[in-house]
Amino acid sequence: MDDSPPAGVKMGALSLLNPLIFPLIPARSRAPISALWHANTLFSAIARGGKEPTLRQIKLRWWVDQLAALRAGEGHPDPLLTSLAHDVLPHIPASTLSIFAESWMVEIDSVPGDSMVAGAHLFTMTGRVLGNSHPILADAGSAWGMVERSLQSSEVESWSAHQQRLNALPLRDLPRALASLIGMTRRIARADGRRSQRGEQWAILKIGILGR
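First things first, this report covers the structure right here in the doc. Quick caveat: nothing in here was measured; it's all calculated off a predicted structure. (Residues numbered from 1 in each chain as written. Predicted model: local features only at pLDDT ≥ 70, side-chain atom pairs only at ≥ 80, totals over all residues. Heavy atoms only, no water.)

Orientation of helix 8 (residues 176–190) relative to helix 9 (residues 197–210), taken along the N-to-C sense of each, is 150°, at an axis distance of 8 Å. If you check the angle between helix 8 and helix 9, you find them roughly antiparallel. Viewed along their axes, helix 8 and helix 9 form a crossing whose handedness is right-handed. Across from Arg176, Ala179, Ser180, Gly183, Met184, Arg187 and Ile188 in helix 8, the residues of helix 9 making contact are Gly199, Glu200, Ala203, Ile204, Ile207, Gly208 and Ile209. Partitioned by chemical class, the residues of the contact of helix 8 with helix 9 number seven nonpolar, four polar and three charged. (Axes fitted to C-alpha atoms, helices over the stretch in contact; angles between N-to-C directions. Helix = DSSP H or I, 4+ residues; strand = E, 2+ residues; numbered from the N terminus. Parallel < 35°, antiparallel > 145°, perpendicular 65-115°, else oblique. Left-handed = near helix turned anticlockwise from the far one by under 90°. Contact = heavy atoms within 4.5 Å. Nonpolar A, V, L, I, M, F, W, Y, C, P; charged D, E, K, R; others polar.)

Here it is in structure tokens:
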């Protein structure tokens, strides 16, 4: 898989694949991180898409099983599996990738807290690729996951709770790209979910350039 963000990813995407955030990732880490975040986008779409929960469970279970059996360097008809095998397995074991996919399974039941689990896994794995194992990664991923879900959901969420959780995170302990993403997420939470492209871009650039 190409290690650049896909052309379809918008500037406002709450993702490391955001075109303003992706260049902050060291070049050597872009391919595995791109694969991880592509996988997260896919799992989210499966878990949240469609009206038939059983079909969504079947699709996601296929990924859980495929990832559990993944072997380094293997080729697959599915390009994402190939990228995960080639680029991610040197950093993340197959069992961890399978658990990550499984963490999306429970969101099919629309339990709000479940986004925290998937987000924690995603940030922790991303940190591992970047050589950072700070415990704050799981907390940051959980906070990001809740905001990301709130933006996807029509439910009324407690934005003040999101703000408190995000404000408690010391950005200096996060890799620069993840810190920028959390800065963007914090900006959205402070605005109670109202989006401002200019404001979010400034939050990204401020942290990306100044580190704060």
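Further remarks concern the packing of aromatic side chains. Using the criterion set out here, one finds six aromatic pairs in the structure. Aromatic side chains phenylalanine 123 and tryptophan 144 sit 5.6 Å apart centroid to centroid with 40° between the ring planes, which places their arrangement in the tilted category. Of this pair, phenylalanine 123 sits in helix 5 (residues 114–129) while tryptophan 144 sits in helix 6 (residues 136–152), and the two are 21 residues apart along the sequence. Residue phenylalanine 123 shares its accessibility class with tryptophan 144, and that shared class is buried. Put simply, the rings of Phe43, Trp62, Trp63 and Phe100 pair up and form one aromatic cluster. (Phe/Tyr/Trp six-rings, centres within 6.5 Å; stacked < 30°, edge-to-face > 60°. Buried < 20%, exposed > 50% of the residue type's maximum accessible area, 1.4 Å probe, protein only.)

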